[in-house]
Structure formats: C-alpha cells, structure tokens
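Report on the structure
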Amino acid sequence: MDVRIYQTAAEIGEAAGEVFVQQILDKPDCVLGLATGVTPIPMYTYIGNQCNAGRVSLKKVTTFNLDEYCNLPVTHRESYYAFMHRNLFDHTDILEENVHLLNGNADDFDAECEAYEKAMAAAGGVDLQLLGIGTNGHIGFNEPSDEFSDGPFKVKLTESTITSNKIYFDTEDEMPRYALTMGIGDIMRAKKIVFIATGEGKAKAVYDMIEGPVSPKCPASILQNHKDVIVFLDKGAAKLLK
Ligand code: F6R
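Residues numbered from 1 in each chain as written. Predicted model: local features only at pLDDT ≥ 70, side-chain atom pairs only at ≥ 80, totals over all residues. Heavy atoms only, no water.

Our focus in this paragraph is the pattern of salt bridges. Applying the stated criterion to the full structure yields 16 salt bridges. Where Arg77 meets Asp170, a salt bridge forms, and the shortest distance between an N and an O atom there is 3.5 Å. Residue Arg77 is found in the loop between strand 4 (67-69) and helix 3 (80-87), and its partner Asp170 is found in the loop between helix 5 (159-165) and strand 8 (178-181); the two are separated by 93 residues along the sequence. Judged by relative accessible area, Asp170 falls into the exposed class, the value being 63%. The partner of Glu114 in a salt bridge is Lys118, with the nearest N and O atoms 3.8 Å apart. One end of the pair is Glu114 and the other is Lys118, both in helix 4 (residues 109-122) and four residues apart, which spans about a single turn. (Salt bridge = Lys/Arg side-chain N within 4 Å of Asp/Glu carboxyl O. Helix = DSSP H or I, 4+ residues; strand = E, 2+ residues; numbered from the N terminus. Buried < 20%, exposed > 50% of the residue type's maximum accessible area, 1.4 Å probe, protein only.)

Structure, rendered in structure tokens:
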C-alpha cells in the first residue's frame with residue numbers, strides 16, 4: 001500500500017481528487033466506484049470545481065456507488081442517492097443514465113444485487129474505486145464478519161455503524177438497520193483503489209487495516225492483498241501506525 005500522510009482534510013480532498021481527475025483525463029469513459037460519508041466531501045467539492053472550471057468532463061464517465069440504505073426513500077436527504085447528487089453529481093456534467101446506485105427499495109433484493117453485479121461487469125469493471133472506512137473497519141457496508149463477501153448483498157448494519165450514522169437522522173428509529181452493499185470481491189476487482197480516512201476516531205481501524213492480520217474481522221485489511229491502493233490519511237488517522 002502506498003500510504004501518504006497530510007496535514008488537513010482539505011489537502012487530502014485535493015490530492016485524492018486529483019487522482020480522480022487524472023483518471024478521467026487519461027480515460028474519459030472510465031468507470032468510477034464511489035463512496036458516501038463525511039470523509040469524501042472535500043474531494044467531491046474539488047472534482048466539482050475542476051469540472052466547473054472546464055478542466056475535466058464527466059460526460060462519458062460511468063459510476064457505481066458502493067452501497068445504499070434499504071427502505072429509505074431516495075428523496076430522503078440521507079439516502080446515498082440524494083447524498084451523491086447533492087455533493088457531486090449536481091456539480092458536474094455527468095449523465096444521469098451513467099449513474100448507478102443499488103436500489104434499496106427494490107422488491108427483490110437478491111435480483112437487485114445480481115443485476116448490479118452484471119451491470120458492473122458489462123461496463124468493463126471499475127477502473128478507480130474510492131473507499132472510506134468505518135470505525136469498526138468496514139468498507140462499503142461490509143461489516144466485520146467470519147468471512148469475506150464476494151458480490152453485492154443485503155447486510156444487517158452493526159451497532160457500531162448505527163451509532164456512527166444515526167446522528168444524521170431526525171430520530172434513531174429513522175436510521176435504517178439494513179443496507180445493500182457491494183461485496184469485498186467487487187472492491188478487490190477494481191483496477192485501482194483510493195482510500196481516505198481522517199480523524200483520530202479512525203486511527204485504530206486504519207492500524208488494523210495496514211498493520212493487523214488480513215482478517216474479515218477487519219474487512220479493510222483485505223486491501224493488503226490489492227496491488228494498487230493509495231491510502232490518504234491525516235495525522236489523526238495515521239496516529240497508531242508504526
Ligand atoms: C459509505 C461507505 C462507508 C464509509 C464509512 C466512513 O458509502 O462506503 O464505508 O466510507 O462508513 O464514513 P465517514 O466518511 O462518514 O466516516
């Protein structure tokens with residue numbers, strides 16, 4: 001893993017955003033795997049700004065998001081569909097038909113996951129995948145488990161994830177308990193990965209990911225086996241690294 005440490009979240013946003021801009025400049029019809037959460041917001045702002053400045057165009061880009069809550073209307077501000085439009089897509093020239101998110105309101109979740117896997121394969125696979133990390137080591141919504149997953153699936157969110165994310169909802173009950181997520185196999189099939197983490201709250205998960213054993217107890221540790229991962233950390237997230 002290529003680990004790079006920065007002073008501020010804004011610097012990470014720019015540096016990681018620049019990897020995405022270069023990817024799009026190198027291959028205008030590339031396939032991007034995207035994440036939600038607080039961490040990537042500065043990076044999405046940077047990409048939106050570069051697009052508005054005319055430096056890069058997302059017109060031919062295809063995107064697949066990592067995950068989506070189950071049974072939350074896409075019109076809800078905390079749906080990942082709404083998040084992605086608010087923080088990135090609405091500030092670029094991407095075409096809506098090239099945007100893909102798992103449908104957390106599908107009647108048949110298995111069929112939805114199967115169709116998503118097929119759509120990713122038909123698009124030629126993900127060229128560049130963005131990842132953040134949960135305090136429990138999750139990537140996407142692959143929670144700590146006894147085995148690594150492969151394709152997309154429906155997951156029961158852990159208490160740790162519910163505690164981290166419920167603060168964004170008006171009431172605790174509104175926070176969904178299930179989500180659809182790409183599997184670890186999907187993430188590992190991406191040709192290149194950009195991983196970002198900021199703040200001391202992520203330090204233990206980052207330590208387990210980089211210096212711990214490869215284990216589904218810390219799903220992010222599988223990234224030790226990927227040949228092209230750039231890890232962007234601030235000092236807080238890097239605090240426990242030797
Ligand atoms: C969301 C996702 C999650 C987040 C993680 C960190 O699409 O993939 O794994 O990256 O929960 O979230 P933040 O950035 O809010 O700390």
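Turning our attention to the site of the ligand. Taken together, 13 residues sit near the ligand, with Thr39, Asp67, His138, Gly140 and Lys202 positioned nearest. A distance of 2.7 Å is found between an oxygen atom of the ligand and a side-chain nitrogen or oxygen belonging to His138. Between an oxygen atom of the ligand and a side-chain N or O atom of Lys202, the distance comes to 2.6 Å. Protein chains bury 90% of the 410 Å² of accessible surface belonging to the ligand in isolation. (Near = heavy atom within 4 Å. Polar contact = N/O pair within 3.5 Å; in protein donor to acceptor, adjacent residues only side chain to side chain. Areas by Shrake-Rupley, 256 points an atom, 1.4 Å probe, with all protein chains shown as cover.)

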